[in-house]
Amino acid sequence: EPEVTQTPSHQVTQMGQEVILRCVPISNHLYFYWYRQILGQKVEFLVSFYNNEISEKSEIFDDQFSVERPDGSNFTLKIRSTKLEDSAMYFCASSTLGQDNQPQHFGDGTRLSIL
Amino acid sequence: AQSVTQPDIHITVSEGASLELRCNYSYGATPYLFWYVQSPGQGLQLLLKYFSGDTLVQGIKGFEAEFKRSQSSFNLRKPSVHWSDAAEYFCAVVKMDSSYKLIFGSGTRLLVRP
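Model, not experiment: these values are computed from the prediction.

Novice: Just give me the short version of the pattern of salt bridges, but keep the residues and values in it.
Specialist: All names here are of chain B. By the definition in use, this model includes seven salt bridges over all chains. Its salt-bridge partner being Arg22, residue Asp8 comes within 2.9 Å of it at the nearest N-O pair. Of this pair, Asp8 sits in the loop between β1 (3-5) and β2 (10-14) while Arg22 sits in the loop between β3 (19-21) and β4 (24-26), and the two are 14 residues apart along the sequence. Under the relative-accessibility criterion, Arg22 is labelled partly exposed at 39%.

Novice: Provide a residue-level description of the state of the cysteines, including the pertinent values.
Specialist: Within this structure, the stated rule accounts for two disulfides over all chains. Linked covalently through their sulfurs, Cys23 of chain A and Cys92 of chain A form a disulfide whose S-S length is 1.9 Å. Here the disulfide of Cys23 of chain A and Cys92 of chain A is left-handed, its torsion about the S-S bond being about -65°. Of this pair, Cys23 of chain A sits in strand β3 (residues 19-24) while Cys92 of chain A sits in strand β9 (residues 88-95), and the two are 69 residues apart along the sequence. Each member of the pair, Cys23 of chain A together with Cys92 of chain A, is buried. Disulfide partner of Cys23 of chain B: Cys91 of chain B, at an S-S distance of 2.0 Å. Because the sign of the S-S torsion sets the handedness, a value of about -65° for the bond joining Cys23 of chain B and Cys91 of chain B places this disulfide among the left-handed ones. Here the residue Cys23 of chain B occupies a position in the loop between β3 and β4, and Cys91 of chain B occupies one in strand β10 (residues 87-94), the gap between them amounting to 68 residues. Accessibility expressed as a relative area gives 0% for Cys23 of chain B, which makes it buried.

Novice: Describe in detail the pairing of β10 of chain B, supporting the description with residues and values.
Specialist: Residues and elements named next belong to chain B. Counted residue by residue, β10 has eight buried out of eight residues, so it is predominantly covered. Residues Ala87, Tyr89, Cys91 and Val93 point to one face of β10 and Glu88, Phe90, Ala92 and Val94 to the other, with burial holding for every one of them. Alignment of strand β5 (residues 33-38) against β10, held across six bridges, turns out to be antiparallel. Opposite Val37, over in β10, you have Tyr89 as the bridge partner.

Novice: Got a sec to walk through the nonpolar core? Specific residues and values, please.
Specialist: Counting 28 residues, the largest nonpolar core has Leu19, Trp35, Leu47, Leu48, Phe74, Leu76 and Tyr89 of chain B as its most contacted members. If near-sequence neighbours (up to four positions away) are discounted, Tyr89 of chain B is found in contact with Gln6, Leu21, Trp35, Tyr36, Val37, Leu47, Phe63, Leu76, Gly107, Thr108 and Leu110 of chain B. Among the nonpolar cores identified, the runner-up in size contains 21 residues, and Phe49, Phe65, Phe75 and Ala88 of chain A belong to it.

Novice: Just give me the short version of the sheet that holds strand β7 (residues 65-68) of chain A, but keep the residues and values in it.
Specialist: Strand-to-strand pairing in sheets goes through backbone hydrogen bonds, with the strands running parallel or antiparallel. All names here are of chain A. The four strands lie next to each other as β1-β3-β8-β7, forming an open sheet whose pairing is antiparallel. Both outer strands of the open sheet, β1 (5-7) and β7, are each paired with one neighbouring strand and no more. Geometrically, the sheet is characterised by an average inter-axis angle of 20° between neighbouring strands, direction not taken into account. Bridging between β3 and strand β8 (residues 75-79) involves five bridges; their strand directions are antiparallel.

Novice: I'd like a rundown of the packing of aromatic side chains, residues and numbers included.
Specialist: To describe a pair of aromatic rings, you give the distance between the ring centres and the angle between the ring planes. All names here are of chain B. Using the criterion set out here, one finds 22 aromatic pairs over all chains in the structure. When the ring of Tyr32 is compared with that of Phe51, the centres are 4.5 Å apart and the planes differ by 70°; the resulting orientation is edge-to-face. Taken as a pair, Tyr32 in the loop between β4 and β5 and Phe51 in the loop between β6 (45-50) and β7 (56-58) lie far apart in primary sequence, 19 residues in all. Judged by relative accessible area, which is 15%, Tyr32 ranks as buried.

Novice: Quick rundown of the interface of chain B and chain A? Include the residues and the values.
Specialist: Taken residue by residue, the interface counts 23 residues in chain B and 21 residues in chain A. Counting the surface lost from both chain B and chain A, the interface buries some 1800 Å², and carbon and sulfur atoms represent 59% of this. Broken down residue by residue, the surface that chain B buries against chain A is led by Leu44, Tyr100 and Phe104 of chain B, which jointly contribute 28%. Viewed at the interface, chain A and chain B are joined by one salt bridge. Seen at the junction of chain B and chain A, the total is five residue pairs in polar contact (both at pLDDT 80 or more).

The rules we used
- Per-chain numbering applies: the sequence of each chain, read as written, is numbered from 1 onward.
- For naming, the first written chain is A and the first written ligand is 1, with later ones following in the order written.
- Where totals are concerned, whole chains, interfaces and linings use all residues; where local detail is concerned, this predicted model gives features only for residues with pLDDT of at least 70, and gives and counts side-chain atom pairs only at 80 or more.
- As a convention, hydrogens and water are excluded, and side-chain values are obtained from all of the structure's heavy atoms.
- A pairing counts as a salt bridge when a side-chain nitrogen of Lys or Arg comes within 4 Å of a carboxyl oxygen of Asp or Glu.
- Only DSSP runs of H or I covering at least 4 residues are called helices, and only runs of E covering at least 2 are called strands; the numbering of each starts at the N terminus.
- Exposed residues in this analysis have more than 50% of their type's maximum accessible area, buried residues have under 20%, and partly exposed residues fall in between, with area computed by a 1.4 Å probe over protein chains only.
- When two cysteine sulfur atoms are found within 2.5 Å, that pair is recorded as a disulfide.
- At least two DSSP bridges between two strands are required for those strands to pair.
- For the purposes of this section, nonpolar cores are sets of buried Ala, Val, Leu, Ile, Met, Phe, Trp, Tyr and Cys residues that join through side-chain atoms within 4.5 Å.
- We call two residues contacting when some pair of their heavy atoms lies within 4.5 Å.
- Axis definition: a line fitted to C-alpha atoms, limited for helices to the stretch in contact. Angles are taken between N-to-C directions and run from 0 to 180 degrees.
- Pairing of aromatic side chains requires ring centres within 6.5 Å, counting the rings of Phe and Tyr and the six-membered ring of Trp. Pairs whose planes differ by under 30 degrees are stacked, by over 60 edge-to-face, and all others tilted.
- Two parts placed together each lose some accessible area; with a 1.4 Å probe, that loss summed over both constitutes the buried area.
- Counted as a polar contact is a pair of N or O atoms within 3.5 Å, where, for protein atoms, one must be capable of donating a hydrogen and the other of accepting one, and residues adjacent in sequence contribute only when both atoms are in side chains.

Right, here's the structure in full:
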């Protein structure tokens, strides 16, 4: 069964540094998402991406965040200048939801630790 | 606004016992509902989904859930729990607009006694 893959599985970065989290969604999916889960808390929506543009973003997704689908297969989340509170598990998801009512498939996540 | 409530933060059951995890949603129209499971350090795995039709839906690993519109609930059940079911369980609803984003409940951590 096709999977969403995320790299790296764990990223440790100094505060103020830029990080790029990478995701390869399932190949025929059209909707792409990033979610965040701070340790011990619930999963929160960050941003959705469809047709090469952001379709919705949450209040968390401020100017320090950006997403890109640079080559038709990868879907990246960039945090320009990381803060301590950015430490969390970041999940990528993809789906065809909206066309055939398929659920979102999640990757295993990237654990981001800001020092 | 759409929301999902999981009233139980932790639940402990004995192996072999039955399980019910509660989920209540707030949504104006017919919701699309999901249960995901997260094992420690792992990603989110879809257990089952409800879009329409039969209100009792079957999922993987022997789980089922029942949609009750009158109670705005979508409770997850399993007749006999295995030790490997110990994990965090998340109920979620899709926000049916341009993004189709998932709105998650706060999760229920299941502990299984041997």
